[in-house]
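# Structure at a glance
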Amino acid sequence: MSRRVRRKVVRRGKEKVGIPEIEETTALDVKDVLDWIKLPDDTVIQLFSCLNYRDRASLSSTCRTWWNLGKSPCLWQELDLRPHKFDSAAASSLSPMCVNLQKLRFRGPESADAIIALQAKNLREINGDYCRSMTDATLCVLAARHEALECIQIGPDFCEKISSDAVKAIAICCPRLRKLGISGIQEVDADAINALAKHCPNLTDIGFIDCRKVDETSLGNVASLRFLSVAGTTNIKWNLVAQHWGKLPHLIGLDVSRTDISPNIVSRLFSSSINLKVVCALNCQALEADSTFISNNNHRGKVLLAISTDILKGIGNLFVETQRNDKNIFLHRENSKKDKKLDEILNWLEWVISYSLLRISESNLPGLDKFWLDQGTSLLLSFMQSTREEVQERAATALATFVVLDDENTNIDTGRAEAVMRDEGICLLLNLARSWREGLQSEAAKAIANLAVNAKVAKAVAEEGGISVIVKLARSANKLVAEEAAGGLWNLSVGEEYKGAIAEAGGIKALVDLISKWSRCTGGEGVLERAAGALANLAADDKCSIEVASVGGIHALVTLARNSKADGVQEQAARALANLAAHGDSNGNNSAVGQESGALDALLQLTRSPNDGVRQEAAGALWNLSFDDRNREAIASANGVEALVALASSCSNSPHGLQERAAGALWGLSVSEANSIAIGREGGVPPLIALARSDAEDVHETAAGALWNLAFNPGNALRIVEEGGVPALVYLCSSSVSKMARFMSALALAYMFDGRTDEIALSGTQNIPKNVNLDGSRRMAMKNIEAFVMTFSDPQAFSAAAASLAPAALAQITESARIQEAGHLRCSGSEIGRFVTMLRNPSLTLKSCAAFALLQFTIPGSKNAMHHVSLLQNSGASRVLRAAAAAAGAPLEAKIFARIVLRNLEQHQTESSSL
Amino acid sequence: MENREKVTSLRSSDGHIFPVEDTVIAEFRSIHSFLPAAGDAVFPISQITGDILAKVIDYCRKHIDHKLNRLRDEEITAWDRHFVNVDEKTLLDLLVASHFLGVKDLFSLIMVSVADMTKKKGVGSMDQLHNLFISNFRLD
């Protein structure tokens, strides 16, 4: 009993008058409170019937009586195996229960093979999907072992391996057959169909859907036929159809959707067939082309349903005596319930129309916008309220499909999504999601997930209480349900609005649990990718990221990144870790991720993945992690330098996101000089120079940042010169769109030519290749540094400031010179010291550049200003700064910048003393 | 309205007497046919306690009001939701009572809640149930 429930009860007890106060109970005397034993047996059986298999199993394991009740044949009439791994071992353990099994749904040919082991001799109905590779042999054995079969449906995939032989075997083995539906057969020949006509006197409903070829003449021999569907079937000889099908004495409904039937044939069928009431011809090009034929709805009481006819009205006309015309006949079936025949027609129509709508939505044909908006959406929504689970499911699947325009970019059609919303579709979908049937739950969750890409739908879902519904589904033990629900949370967590609500509904724990659970099993990639994706989105929020960590998310995600073999899962796990580590300032997740055992190794391993996305997210995670000093060194000691240099060298043709993060990770590592020396040694300089030449500004920033850090070391500086880095940096410094990139490349150039490189060159510890023209490079660098600094100086403001030195004028200059993002840069003591030394450099350009850099690093209010100021104060830089500000020969901007830095120092001092 | 209608008296297991209109009695599918005519002696319902019987009667009255269009659809759904928002013991008692009296709608309503309740239980609480049953069924 959960604590929360009990508390609520106590409170409510007090509110209500007349009901005795409910005692606070403890788990020990549950007996007195919950007397389950007093439930009559039939009540317990009903209770079972409201639960899924898993809950039934745990309930029946409570006691012997309930164990026996759980085996009651009435609970074992239907079995839905789709979400389960079903093999012959599972089948034999289930077989004692399945003596009276009547209806079975399964997924995949492996399950089909195992069905025989169930020994469910009384099976009446089987329904299989995803059976593309199901063979004749399997289907023949199925038919032979289950002679009582009345209904066989295999589809909607193309069952190309099934042939006429299997159909014939079904005909001979299953004399009670009423309904046969198979999709995607190559050819159904006369022999097979004649066998059906001969052996199956009750066969009323045939669907040969999406077949390559069907023998038309012999279908005319199946005299018992009442409903026939050849939707999507090709190569039909329509003349034979008109000639033979018109004679079928009982044919009521014919479905020729998605075929090339012509108006002429439809009229001939209407006139020759006695009982034919409705022809369903959705999306038949040849019919739609003849608008006069379509709009002429006078076929002597017979109805043609097409994309451009009013389908609901057409069906309503079929029942003109019994039905009020203005109502949606699928939603108001009280009348048809009384009339068995009508009910049968409606059931069939519901089935074929939902099927065709699903197929049409899958192929996403152009030109159907109007249809979807005018009637497709409302048809699907009314099918969702059908009494039959299959129809409801299919309608939800179609809803999930028809809004998607483009799978790759998760692009959905706004108009269609809003049409769903307008007809209260969200409410309906959430109701399906709340049902206990797992097939409905998963399809509804899928539809909600897809629709929630639209911001308005997401809002509606949240307002209808959908977030807690989805979170509840994410806790499902059913893989398909959990997968779609996690997908829903993934899509809902994209924006900032619902992260909090998801967390509040317990979504974070649910997702982490999903990951822990499914990373132990095989086949859970879909769940894992979506759950990790959702966590990645959630982890971008500071508060949520703390919760992710507190419920064991770090361990789960690291395990996932380490063990998963699927690209999508690896990518999302790495992204989630990257986002978790992105809150270095506000919580301890960054160091926590790094300290999780195996985390860094796993991420470094992922940088070698063949998949760009995986490498990108792994590099991003390492970059974020390297903000923590301890993590940075741990990455380096786990051979991170080699891995990341290799990554940077291999990504010259990769997407910008990957290039950015690869350079970013090296930037992060190179913060310590030991690492930057290692990077230089491992050959990191050439790839970074190559990346600096990129045409994306994000790459500019990280490449410039990394080169700046590297250039601190004179050996690296020489390498950069040697590898042609000067022109690359000069290019960045002069023409990058990003101010940050220009700033950092200017600083890199300043490091390279402030004299230390020359010392190395002169001391001969490193050989300068002959072809390097240090002086030429220096001239070019200096020119560009100067030009860069000049872009931040406004002569007028400068001269005004120089005249007055008034705080307001200085503040104005600071504001116009400020590079916002530079506030995030954090320099070490030696770097600051180097800039201070640079202030005394004979080169006027370097003087100004150093003053400019120090100005950026000390602007009050920016993140690392305090740190830099204390470094400056400790090194006694004020004297140097004052000298620079007063120096006669220095350029005006150097003097003013130095003065501003001095002022920044003073300001910080007064601030800290006032604290 | 109660005054004009015929009334039957029911006595709960703990001795409470409930005068009940015949329209409500008609909802008790499994017992209404053999209840004595109105006005006769009090009919004992020894399986159900007073608080639970009161709730069942309350439910029936509300739903009769709904059938007579005195309550709107959304009002009755809200009322139902409120009605089942009780502790687990009461739910089970209501389930047994509605089953015994044959109040079908109430039975299905409660059944869904009870099913939800069992679903919420994790493995741990199932074990508790299990122990409970073992102790109760030692003799069977």
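Higher on the page you've got the structure.
Quick summary incoming for the structure in this document.

What counts, and where the lines are drawn
- Residues numbered from 1 in each chain as written.
- Chains lettered and ligands numbered in written order.
- Predicted model: local features only at pLDDT ≥ 70, side-chain atom pairs only at ≥ 80, totals over all residues.
- Heavy atoms only, no water.
- Helix = DSSP H or I, 4+ residues; strand = E, 2+ residues; numbered from the N terminus.
- Buried < 20%, exposed > 50% of the residue type's maximum accessible area, 1.4 Å probe, protein only.
- Pairing = 2+ DSSP bridges.
- Contact = heavy atoms within 4.5 Å.
- Axes fitted to C-alpha atoms, helices over the stretch in contact; angles between N-to-C directions.
- Arc of directions from axis to C-beta.
- Polar contact = N/O pair within 3.5 Å; in protein donor to acceptor, adjacent residues only side chain to side chain.
- Left-handed = near helix turned anticlockwise from the far one by under 90°.
- Nonpolar A, V, L, I, M, F, W, Y, C, P; charged D, E, K, R; others polar.
- Patch = residues over 30% accessible without salt bridge, like charges linked within 9 Å, V, L, I, M, F, W, Y side chains within 5 Å.
- Areas by Shrake-Rupley, 256 points an atom, 1.4 Å probe, with all protein chains shown as cover.
- Salt bridge = Lys/Arg side-chain N within 4 Å of Asp/Glu carboxyl O.
- Lys, Arg positive; Asp, Glu negative; His and termini not counted.
- Charge placed at Lys NZ, Arg CZ, Asp CG, Glu CD.
- Phe/Tyr/Trp six-rings, centres within 6.5 Å; stacked < 30°, edge-to-face > 60°.
- Lys NZ or Arg CZ within 6 Å of the ring centre and 35° of its normal.
- Core = buried A, V, L, I, M, F, W, Y, C linked by side-chain atoms within 4.5 Å.

To continue, consider the overall build of chain B. A tally of regular secondary structure across chain B gives 6 helices and 3 strands. Each helix (α) and strand (β) of chain B, taken in turn from the N terminus, gives the series β-β-α-β-α-α-α-α-α. Counting all 140 residues of chain B, 45% fall into the buried class.

Moving on, we get to the sheet that holds strand S1 (residues 7-11) of chain B. Residue and element names in this part refer to chain B. Strand order in the open sheet made by the 3 strands is S2-S1-S3, with mixed pairing throughout. Two strands lie at the open edges of the sheet, namely strand S2 (17-21) and strand S3 (43-44), each paired on one side alone. Along the sheet, helix H2 (residues 50-67) contacts S1 and S2; its crossing angle with S2, the most-contacted strand, is approximately 15 degrees.

Successive residues of a regular strand alternate their side chains across the two faces of the sheet. Residues and elements named next belong to chain B. Taking every second residue as pointing to the same face, the buried face of S1 carries Thr8 and Leu10, while none of Val7, Ser9 and Arg11 on the other face is buried. Bridge count for S1 against S2 is 5 bridges, and the pairing is antiparallel. Opposite Val7, over in S2, you have Glu21 as the bridge partner. What sits between S1 and S2 in their antiparallel hairpin is a turn of 5 residues, with Gly15 showing a positive phi close to 90 degrees. Here S1 runs beside S3; their pairing, made up of 2 bridges, is parallel. Across the sheet, residue Arg11 finds its bridge partner in S3, namely Pro44.

A separate point is helix H21 (residues 414-422) of chain A. All names here are of chain A. Among the residues of H21, those classed as buried are Arg416, Ala417, Ala419 and Val420. End-on, the buried residues of H21 take up no more than an arc of 155 degrees, which puts them together on one face. The inward-facing, buried residues of H21 abut helix H19 (369-383), helix H20 (389-402), strand S14 (411-412), helix H22 (425-434), helix H23 (438-451) and helix H24 (455-463). With a side-chain oxygen positioned 2.9 Å from the backbone nitrogen of Gly415, the residue opening H21 is Asp413. Taken from the residues just after H21, Glu424 is the one with a positive phi, measuring 60 degrees.

All names here are of chain A. Two elements in contact, helix H40 (residues 685-692) and helix H41 (residues 697-711), have axes whose closest approach is 8 Å; the angle formed by their N-to-C orientations is 145 degrees. Of the two elements, H40 crosses H41, and the hand of that crossing is left-handed. The residues of H41 that touch H40, namely those facing Val685, Leu688, Ile689, Leu691 and Ala692, are Val699, His700, Ala703, Ala706, Leu707 and Leu710. Split into classes, the residues belonging to the contact of H40 with H41 amount to 10 nonpolar, 1 polar and no charged.

Residues and elements named next belong to chain B. Following the sequence through the fold, Thr8 ends up in strand S1. Thr8 gets classed as buried once you look at its relative accessible area, which sits at 4%. Within the structure, Thr8 has its side chain in polar contact with the side chain of Asp22 (distance 3.2 Å).

What follows concerns a positive patch on the surface. A cluster of basic residues, Arg434(A), Lys472(A), Arg475(A) and Arg81(B), forms a positive patch at the surface. By the element assignment, Arg81(B) lies in helix H3 (residues 73-83). A relative accessible area of 62% places Arg81(B) in the exposed class.

The next subject is unusual backbone geometry. All names here are of chain A. Phi at Gln119 is positive, roughly 55 degrees, even though this residue is not glycine. Assignment of secondary structure puts Gln119 in the loop between helix H7 (109-115) and strand S3 (125-129). You can call Gln119 exposed: its relative accessible area is 54%. Here the phi dihedral of Glu424 falls at roughly 60 degrees; this positive angle occurs in a residue that is not glycine. Along the chain, the position of Glu424 falls in the loop between H21 and H22. Residue Glu424 is classed as exposed on the basis of its relative accessible area, which comes to 57%.

So, about the packing of aromatic side chains. What the rule picks out here adds up to 21 aromatic pairs over all chains. Both rings, one in Tyr59(B) and one in Trp79(B), keep their centres 6.2 Å apart while their planes meet at 45 degrees; by these two values the pair is tilted. Of the two residues, Tyr59(B) sits in helix H2 while Trp79(B) sits in helix H3, which places them 20 residues apart along the sequence. Across the pair, Trp79(B) and Tyr59(B) agree in class, each one buried. These aromatic residues form a ring-pair network of at least three members: Trp708(A), Phe712(A), Phe743(A), Tyr751(A), Phe788(A), Phe792(A), Phe835(A), Phe852(A), Phe857(A) and Phe897(A). Across the ring face of Trp351(A), the terminal group of Lys179(A) is positioned such that the distance to the ring centre comes to 4.4 Å.

Residues and elements named next belong to chain A. Ile315, Ile353 and Phe743 are the most contacted members of the largest nonpolar core, which totals 226 residues. The element that contributes the greatest number of residues to this core is helix H18 (residues 340-363), accounting for 12 residues. Those residues in contact with Ile353 that lie beyond four places of it in its chain are Cys280, Leu282, Leu305, Ile311, Ile315, Leu379 and Phe383.

Moving on: the sheet that holds strand S5 (residues 179-183) of chain A. All names here are of chain A. Taken in spatial order, the 10 strands make up an open sheet running S1-S2-S3-S4-S5-S7-S9-S10-S11-S12, and their pairing is parallel. Single-partner strands in this sheet number two, and they are strand S1 (78-80) and strand S12 (303-305). The mean angle between the axes of side-by-side strands here comes to 10 degrees, regardless of whether they run parallel or antiparallel. Across 5 bridges, S5 lies against strand S7 (residues 205-209) in parallel orientation.

Residues and elements named next belong to chain B. Within the fold, Ser12 resides in the loop between S1 and S2. What makes Ser12 buried here is its relative accessible area of 3%. When the C-alpha atoms of Ser12 and Phe43 are compared, they prove to be 8.8 Å apart, with 31 residues separating the residues in sequence. If we ignore the near neighbours within four places in the chain, the residues touching Ser12 are Phe18, Ile45, Ile48, Thr49, Gly50 and Leu53. Only 3.4 Å separates the side chain of Ser12 from the backbone nitrogen of Gly50, close enough to count as a polar contact.

This brings us to the pattern of salt bridges. Residues and elements named next belong to chain A. All chains considered together, the criterion is met by 34 salt bridges over all chains. For the salt bridge of Asp80 with Arg82, the shortest nitrogen-to-oxygen distance reads 2.8 Å. Residue Asp80 is classed as buried on the basis of its relative accessible area of 16%. Taking the relative accessible area as the measure of exposure, Arg82 reaches 9% and is therefore buried. The shortest N-O distance in the salt bridge between Lys459 and Glu463 comes to 3.5 Å. With Lys459 and Glu463 both in helix H24, this residue pair falls 4 residues apart, about one helical turn. For Glu463, a relative accessible area of 59% translates into the label exposed. Linked by salt bridges that have partners in common, Asp80, Arg82, Arg105 and Glu393 make up one network.

Nothing here speaks to function; it is geometry throughout.
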